[in-house]
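# Observations on chain architecture
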Amino acid sequence: MPKKTNQWILLSVLALILILAAIIFIPIEKRIVFIDNREGTLTAFIKAENDAFQINYTHSIHLSEVLEGYKILPDNRIRMVELEYEDFNIGMPSNAGEGETFVEKDGKYLITNMKREVDDFRLFVGDVDAHLFFLADGHQYDLKKTLEQGEILYHQNPARFII
């Protein structure tokens, strides 16, 4: 067999091996990954069957319930899409932003149609004896049972937050 034919066959086999390896090792399922702020280590991860999730918590200052809704964009960035809360106190908006909808319903305030992409996703697991839940795909995960209280979990690059 000519030398050029052997080289072509070798390159073809090598390319096939690389393609198969990429298919095997590229994650098919998306996962929400929690990384410890201080150590940079993986703390927890949750399988994401669709592109939406919520965080439900008790606000540490005014001790009322807050529900934040997020969507994972095609480029794996994270966008806040809705916010539901009970008080206008510290840390809560008093109205909707441009293009957003503000509604008062059943003693709660709801802002929808939000398009706030987050560049720095942080989640503080407070020492306050209050709830902190992650809701996705019809499941509720108690982050206070999974994660260490007093931790700050974040990732500065949301594109790497989801794998």
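Residues numbered from 1 in each chain as written. Predicted model: local features only at pLDDT ≥ 70, side-chain atom pairs only at ≥ 80, totals over all residues. Heavy atoms only, no water.

### Some details on the overall build of the chain
Our working definition: Only DSSP runs of H or I reaching four residues or more are called helices, and only runs of E reaching two or more are called strands; each is numbered from the N terminus. Note on exposure labels: buried denotes an accessible area under 20% of the residue type's maximum, exposed denotes more than 50%, and partly exposed covers the range between, all computed with a 1.4 Å probe on protein chains only. In what follows, a contact means two residues having at least one pair of non-hydrogen atoms within 4.5 Å. For the accessible areas, the method is Shrake-Rupley and the probe is 1.4 Å, while residue cover comes only from the protein chains on display.
Scanning the chain for helices and strands turns up three helices and twelve strands. Relative to its 163 residues, the chain shows a buried fraction of 33%. Restricting the contact set of the chain to residue pairs at least 6 apart, pairs at least 24 apart contribute 52%. Approximately 10600 Å² of the chain is accessible, and the part contributed by carbon and sulfur atoms is 55%.

### Some points on the environment of Glu 117
To keep things clear, this is the line we draw: Side-chain atoms alone can form a polar contact between residues adjacent in sequence; in general such a contact is a pair of N or O atoms within 3.5 Å, and within protein one must be able to donate a hydrogen while the other accepts it.
With respect to the element layout, Glu 117 can be found in strand β8 (residues 116-118). Here the alpha-carbon distance between Glu 117 and Val 81, two residues 36 residues apart in the chain, equals 8.8 Å. Residue contacts for Glu 117: discarding those within four places in its chain leaves Leu 73, Arg 77, Ile 78 and Arg 79. Polar contacts involving the side chain of Glu 117 include one to the side chain of Arg 79, which spans 2.9 Å.

### With respect to the packing of aromatic side chains
The test is simple: When the centres of two rings from Phe, Tyr and Trp lie within 6.5 Å, Trp using its six-membered ring, the rings pair. Their planes under 30 degrees apart give stacked, over 60 give edge-to-face, and anything left gives tilted.
With the rule as written, the count across this model stands at five aromatic pairs. Arranged with centres 5.9 Å apart and planes meeting at 20 degrees, the rings of Phe 102 and Tyr 109 form a pair that is stacked. Take Phe 102: its relative accessible area is 28%, and that puts it in the partly exposed class. Following the ring pairs from residue to residue traces out a cluster consisting of Phe 53, Tyr 70, Phe 134 and Tyr 141.

### Examining the confidence of the model for the chain
Do not read the predicted coordinates in detail wherever pLDDT is low. How we decide: Scored between 0 and 100, pLDDT is the confidence that the predictor attaches to each residue.
In this model, the chain carries a mean pLDDT of 78, and residues with pLDDT of at least 70 account for 82%. Note that residues 158-163 has pLDDT below 50 and, in this model, 24 contacts with residues that lie over four places away or in other chains.

### Quick word on the nonpolar core
As a rule of thumb, soluble globular proteins bury nonpolar side chains together. Going by this rule: We define a nonpolar core as any set of buried Ala, Val, Leu, Ile, Met, Phe, Trp, Tyr and Cys residues linked to one another through side-chain atoms lying within 4.5 Å.
One finds Phe 34, Phe 53, Ile 55 and Phe 134 to be the most contacted residues of the largest nonpolar core, which totals 28 residues. Elements with a contribution of two residues or more to this core: β1 (30-35), β2 (42-48), β3 (52-58), β4 (65-72), β5 (78-85), β7 (108-112), β9 (121-124) and β10 (132-136).

### Here we look at a nonpolar patch on the surface
Here is the rule we go by: Note on patches: the residues involved have over 30% relative accessible area and no salt bridge, like charges join within 9 Å, and the nonpolar side chains Val, Leu, Ile, Met, Phe, Trp and Tyr join within 5 Å. Salt bridges are defined as contacts in which a side-chain nitrogen from Lys or Arg sits within 4 Å of a carboxyl oxygen from Asp or Glu.
There is a patch of nonpolar side chains on the surface, built from Leu 16, Ile 19, Leu 20, Ile 23, Ile 24 and Phe 25 and spanning about 690 Å² of accessible area. Considering the arrangement of structural elements, one finds Leu 20 in helix α1 (residues 3-25). On the accessibility criterion, Leu 20 (45% relative accessible area) is partly exposed.

### As for the side chain of Ser 64
Its location among the elements puts Ser 64 in the loop between β3 and β4. Accessibility expressed as a relative area gives 5% for Ser 64, which makes it buried. For Ser 64, the side chain forms a polar contact with the side chain of Asp 87, separated by 2.9 Å. Among all residues touching Ser 64, those that are not within four sequence positions of it are Tyr 57, Thr 58, His 59, Glu 86 and Asp 87.

### Some words on the pattern of salt bridges
A side chain of one charge can pair with a side chain of the opposite charge when the charged atoms of the two come close. Counted under the stated rule, the structure contains five salt bridges. Measuring nitrogen to oxygen at the nearest pair gives 3.0 Å for the salt bridge that ties Glu 117 to Arg 77. Highlighted residues: Glu 117 in strand β8 and Arg 77 in the loop between β4 and β5, separated in sequence by 40 residues. Owing to a relative accessible area of 35%, Glu 117 belongs among the partly exposed residues under this scheme. Here Glu 86 and Lys 108 are joined by a salt bridge, their closest N and O atoms 3.9 Å apart.

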